[in-house]
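Tertiary structure, described
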Amino acid sequence: MTFLDIRSLLLFSAIFRVILIVYGEWQDAHMEVRYTDVDYLVFSDAAALMAVGDSPYKRTTYRYSPLLAFLLIPNSFIHRSWGKFLFSASDLLVGYFIYYILKLRKVPENLCNYSVMTWLFNPFTFTIGTRGNCEPIVCAVILWIIICLMKGNVLQSALWYGLVVHFRIYPIIYSIPIILVLDPNFFPSDQKPVLRKWSAVRGERPKDGNGWHTLHNLFKNIFTRNRLIFGLVSGLVFLFCTGLFFCLYEWEFLHEALLYHLTRTDPRHNFSIYFYHIYLHYGHDTSVVEKLISFLPQFLVQLVLIFCFAQDLPFCLFVQTVAFVAFNKVITAQYFVWFFCLLPLILPWSKMKLRWDGLSCILLWIGGQTHWLMWGYLLEFNGKNVFLQLWVASLLFLAANVFILVMIIRHHKHTSVFKTLEYANSKNAAKLELAT
């Protein structure tokens, strides 16, 4: 179908996002409820401070890298919506990167376009950028890192990875699967990796080993050239950015941009199952053991998923992110964008049909969220004491996320992104024999 080509999708998406940004300006000026995200006002204020030579951390609740405020400096002298256009452009770039990644693996055109549509026309994603949230920038960089790895450019992927971890700390969870996928059987030192194409996956499933085999290979070949390059370069980029801004803004930067996110305890209601406990004990001293226990389920789930699926890198990053968000101590709606950008990368390998399993998962996820929002509305706007009911709704939402994650794993056609060196060589030898 001609109207589904990638250029038409991107053009229509761009026009749609411009309309939303313009409408948002009108709603902000004429309605009590603002369209613009409150965080965007924080970003803009921090950028205005940086524009006149002050610290962005003079703006209370600005808890991001100074790079974000620097990118939004044009808000002060071009237009206050500059950042929204920047974030929306990153949003469109994510759509293109999704298409590019799928084409690298020879996914058919129509399937590529349908997968891209799950990002470009997802209400969660197109409202995030147009309301002024910076997450599309992070999503675009993560997808670019995947592209760099798929093309064998380890050095460039390491540079961008160090930068994105500095910019937004959560991608640190991707470090282990990336290190694992830089296996010498996939990334031989004298040649580029060979991608396993979509058509090959449908015909046969290679026996690439299980998680224990992956773990054994990691310790056997941990200090390979590519792993050292990735670890050292990404670490140096992170330390350089962090050190530079520490020199400029000192401990205020270190606390607000990094340490705050590691020790954050939000007493306000959010989707996390931990919010009620935090609310009841807010202001009281919490022991180190108690803090560690809250991280334990998240940590264990991450390790299991990593060592089971690391070779199928996009799928591993997706399930990791879903689990990380579901078990996190604080969950807000913007966190869902973290895994929505990875969802289109796994759809061509899913055996799940939209009817009925897919539709059931969508309705379950929306239903669990709507149920939580109902109690949140009664608490926030009606002032009713429904903390316990809201906590039960959080438990149900967690259960829905876990159930959907299990369904996705069960219906996924697991395969490594790269062919092993032995497998690729055997295929090449077979082609030569046929040719002769």
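Residues numbered from 1 in each chain as written. Predicted model: local features only at pLDDT ≥ 70, side-chain atom pairs only at ≥ 80, totals over all residues. Heavy atoms only, no water.

1. Some details on the overall build of the chain
- In terms of helices and strands, the chain carries 20 helices and 0 strands.
- Buried residues in the chain amount to 51% of all 436 residues.
- Taking the contacts inside the chain whose residues are at least 6 apart along the sequence as the reference set, 75% of them involve residues at least 24 apart.
- Element-wise, carbon and sulfur atoms account for 68% of the exposed surface of the chain, whose accessible area totals about 21700 Å². (Helix = DSSP H or I, 4+ residues; strand = E, 2+ residues; numbered from the N terminus. Buried < 20%, exposed > 50% of the residue type's maximum accessible area, 1.4 Å probe, protein only. Contact = heavy atoms within 4.5 Å. Areas by Shrake-Rupley, 256 points an atom, 1.4 Å probe, with all protein chains shown as cover.)

2. Notes on the pattern of salt bridges
- Using the criterion set out here, one finds 9 salt bridges in the structure.
- One salt bridge connects K84 with E25, and the closest N-O pair in it is separated by 3.7 Å. In this pair, K84 is assigned in helix α4 (residues 82–104) and E25 in helix α1 (residues 6–30), connecting sequence segments 59 residues apart. Accessibility assignment for this pair places K84 and E25 in one class, buried. (Salt bridge = Lys/Arg side-chain N within 4 Å of Asp/Glu carboxyl O.)

3. Quick notes on unusual backbone geometry
- The phi dihedral of T61 is positive, around 70°, even though this residue is not glycine.
- Turning to its location among the elements, T61 is positioned in the loop between α2 (38–51) and α3 (66–71).
- The backbone of E250 sits at a positive phi, close to 60°, despite the residue not being glycine.
- On the secondary structure map, E250 appears in helix α12 (residues 225–263).

4. Some thoughts on helix α18 (residues 354–380)
- Burial in α18 covers these residues: G358, C361, W365, G368, Q369, W372, W375, G376 and L379.
- Packing partners of the buried residues in α18 comprise α6 (123–131), α16 (336–340) and α19 (387–410).

5. Brief notes about the layout of surface pockets
- When its volume is computed, the second largest pocket comes out at roughly 1100 Å³.
- At the level of secondary structure, the elements contributing two or more residues to the lining of the second largest pocket comprise α5 (109–120), α6, α15 (313–326), α16, α17 (343–346), α18 and α19.
- For the lining of the second largest pocket, the element with the highest residue contribution is α18, accounting for 6 residues.
- Taken together, the residues that form the lining of the second largest pocket break down as 23 nonpolar, 7 polar and 4 charged. (1 Å grid on protein atoms, 1.4 Å probe; cavity = no way out; pocket = protein on both sides within 12 Å on 5 of 7 lines; lining within 4 Å. Points joined across faces, edges and corners; volume = space filled by probe spheres on them. Nonpolar A, V, L, I, M, F, W, Y, C, P; charged D, E, K, R; others polar.)

6. Describing the confidence of the model for the chain
- Averaged over every residue, the pLDDT of the chain is 86; the share at 70 or more is 86%.
- Confidence drops under a pLDDT of 50 for residues 203–209, and excluding neighbours within four residues, the segment shows 10 contacts in the predicted structure. (pLDDT = per-residue confidence, 0-100.)

7. A short note on the packing of aromatic side chains
- One pass over the structure, following the stated rule, counts 41 aromatic pairs.
- Pairing Y40 with F87 gives two aromatic rings, centres 6.4 Å apart and planes at 85°, and the pair type is edge-to-face. Of this pair, Y40 sits in helix α2 while F87 sits in helix α4, and the two are 47 residues apart along the sequence.
- With a relative accessible area of 3%, Y40 lands in the buried category.
- F87 gets classed as buried once you look at its relative accessible area, which sits at 0%.
- Pairing W365 with F397 gives two aromatic rings, centres 6.2 Å apart and planes at 45°, and the pair type is tilted. With W365 in helix α18 and F397 in helix α19, this pair connects stretches of sequence that are 32 residues apart.
- In this structure an aromatic cluster arises from ring pairing among Y40, F43, Y57, Y62, Y64, F87, F245, Y249 and F253. (Phe/Tyr/Trp six-rings, centres within 6.5 Å; stacked < 30°, edge-to-face > 60°.)

8. Regarding a nonpolar patch on the surface
- A surface patch of nonpolar side chains, amounting to about 620 Å² of accessible area, comprises L354, W356, L359, I362, L363 and I366.
- With respect to the element layout, W356 can be found in helix α18. (Patch = residues over 30% accessible without salt bridge, like charges linked within 9 Å, V, L, I, M, F, W, Y side chains within 5 Å.)

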